[in-house]
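Below are the chains, spelled out letter by letter.
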Amino acid sequence: MSEFTILPPLSLYIHIPWCVQKCPYCDFNSHALASALPEQVYIDCLLEDLEQHLPEIWGRRLSSVFIGGGTPSLFSPESIDRLLSGVRARIPGPPDIEITLEANPGTVEQGRFNELHAAGINRLSIGIQSFHDDKLQALGRIHNRVEAIKAVETAHYAGFENFNLDLMFGLPAQSIQQGLDDLHTAIALQPSHLSWYQLTIEPNTLFYSRPPRLPDDEAIWGLQQQGQQLLNDQGFGQYEISAYAREGRQCQHNLNYWQFGDYLGIGAGAHGKISRSDTNSVERHWKLRQPQAYMYARPDDRLAGSRLLTTNDLIFEFMLNALRLKQGFEIESFEHHTGLSIECIKTICNQAIEKGLLDVTQQGYRPTDLGYRFLNDLINLFENEEA
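Participant: Account for the pairing of strand S13 (residues 281–287), naming residues and giving values.
Facilitator: Burial analysis of S13 places five of its seven residues in the buried class, the great majority of the element. Note: strand S12 (residues 271–276) against S13, six bridges, orientation antiparallel. Across the sheet, residue Gly272 finds its bridge partner in S13, namely His285. Linkage of S12 to S13, two consecutive antiparallel strands, is achieved through a turn of four residues, within which Asn280 is found at a positive phi near 50°. By the bridge criterion, five bridges tie S13 to strand S14 (residues 303–308) in an arrangement that is antiparallel. Each residue of the ladder has a partner; that of Trp286, found in S14, is Gly305.

Below is the structure:
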């Protein structure tokens, strides 16, 4: 039985599901636009959705907000302003709270970035993926190299000091040099954060039914090693599997996920996780996926499902997230965020240490270099571990 003495930080995820077109590698809940955006109706629904959760979180404050998609930058700055004003009126947060909005090149312009900044967005995550036009075409992206660079320059001009660039590697017919060129171009644009991750073929995507020819494992591993060295040399410290940041610029919202914090999820298909000290339980929830069904449902019918996490779930899901971090986790964090004693995983931690996958730190545990390379093997040791 878990028991919470301190509740973890609370974040808010807001899902906007529309995009211009669906990319062939994307398995997110995104839907190509077929008509005009129902911005005002959808924002009404988001705020109603949020109100349904207020009784669960009375007295708690938000630590971060993330607006993802889809392509949230399709929404007007006026709509984003109205959305954020509604959030602030319902849940308090610090004046400098991190508020991130995902944006794609080709859906933004300088005036729009200026207005988004004025509305309270203080961090952008820009989906570049590559600076090579042939690779962008292969990925089904609607922008080109010139538009990608212009979007980043526009973010600078609008006053964004904190922004992430999304890049992928292991792309169809991509050479090591092309992958490194993408990193060099991104670094020259002076982002505060880079998400650099390998293209994977996911079920329920076009690439899954018609797989492209990808580089072999040896070439991908070579690119990954050289790219990580380049990023380190240029001052981007790796703090998670695919996340690299300038000092002090780690994404607070994603850190809360990886540290097994709490988060509300509102919007079509959004997921959330909430810890309750009154019931000593952790519950996951998820919303109706189809935008039309979500918008036309009654407020209390937008919840598609929920489930309480078992002790096994708590242990495995904590490790699934926390072991992605280079620094690993602290014992205090495990106990506060799961409500469990560290004693319930000591045996399996010792087994992981014997296998060379886990190290003891001054305050907890972290993956070794071997454990980080074979992270799935390390995480799977904790599956079905009973307290």
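Let us keep going from here.
Participant: Describe the nonpolar core, and please don't skip the residues or the numbers.
Facilitator: In terms of nonpolar packing, the biggest core is built from 64 residues, with Ile67 and Ile121 touching the most fellow members. A total of six residues in this core trace back to one element, the largest contributor, which is helix H1 (residues 39–53). Those residues in contact with Ile121, other than ones at most four positions away along the chain, are Ile67, Ile80, Leu84, Ile99, Leu101, Leu116 and Phe160. Within the second largest apolar cluster, 27 residues are counted, among which are Leu314, Ile315, Ala352 and Phe382.

Participant: Describe in detail the packing of H1 against helix H2 (residues 77–90), supporting the description with residues and values.
Facilitator: It is at 10 Å that the axes of H1 and H2 come closest, and there the two elements cross at 15°. The pairing of H1 with H2 is recorded here as roughly parallel in orientation. Every pair of crossing elements has a handedness; the one defined by H1 and H2 is right-handed. Touching Glu39, Gln40, Ile43, Asp44, Leu46, Leu47, Leu50 and Glu51 of H1 are Ser79, Arg82, Leu83, Gly86, Val87 and Arg90, all from H2. Of the residues that constitute the contact of H1 with H2, the class distribution is six nonpolar, three polar and five charged.

Participant: Describe the pattern of salt bridges, with residues and values.
Facilitator: Per the counting criterion, the structure on display carries 17 salt bridges. For Asp300, the salt bridge goes to Arg298, with nearest N and O atoms at 4.0 Å. Note on Arg298: relative accessible area 54%, which makes it exposed. In this structure, Lys346 engages Glu343 in a salt bridge whose closest nitrogen and oxygen atoms are separated by 3.3 Å. The exposure class of Lys346 is partly exposed, given its relative accessible area of 27%. Beyond isolated ion pairs, a larger network of salt bridges with shared partners links Arg284, Arg307, Asp313 and Glu317.

How each quantity is defined
Residues numbered from 1 in each chain as written. Predicted model: local features only at pLDDT ≥ 70, side-chain atom pairs only at ≥ 80, totals over all residues. Heavy atoms only, no water. Buried < 20%, exposed > 50% of the residue type's maximum accessible area, 1.4 Å probe, protein only. Helix = DSSP H or I, 4+ residues; strand = E, 2+ residues; numbered from the N terminus. Pairing = 2+ DSSP bridges. Core = buried A, V, L, I, M, F, W, Y, C linked by side-chain atoms within 4.5 Å. Contact = heavy atoms within 4.5 Å. Axes fitted to C-alpha atoms, helices over the stretch in contact; angles between N-to-C directions. Parallel < 35°, antiparallel > 145°, perpendicular 65-115°, else oblique. Left-handed = near helix turned anticlockwise from the far one by under 90°. Nonpolar A, V, L, I, M, F, W, Y, C, P; charged D, E, K, R; others polar. Salt bridge = Lys/Arg side-chain N within 4 Å of Asp/Glu carboxyl O.

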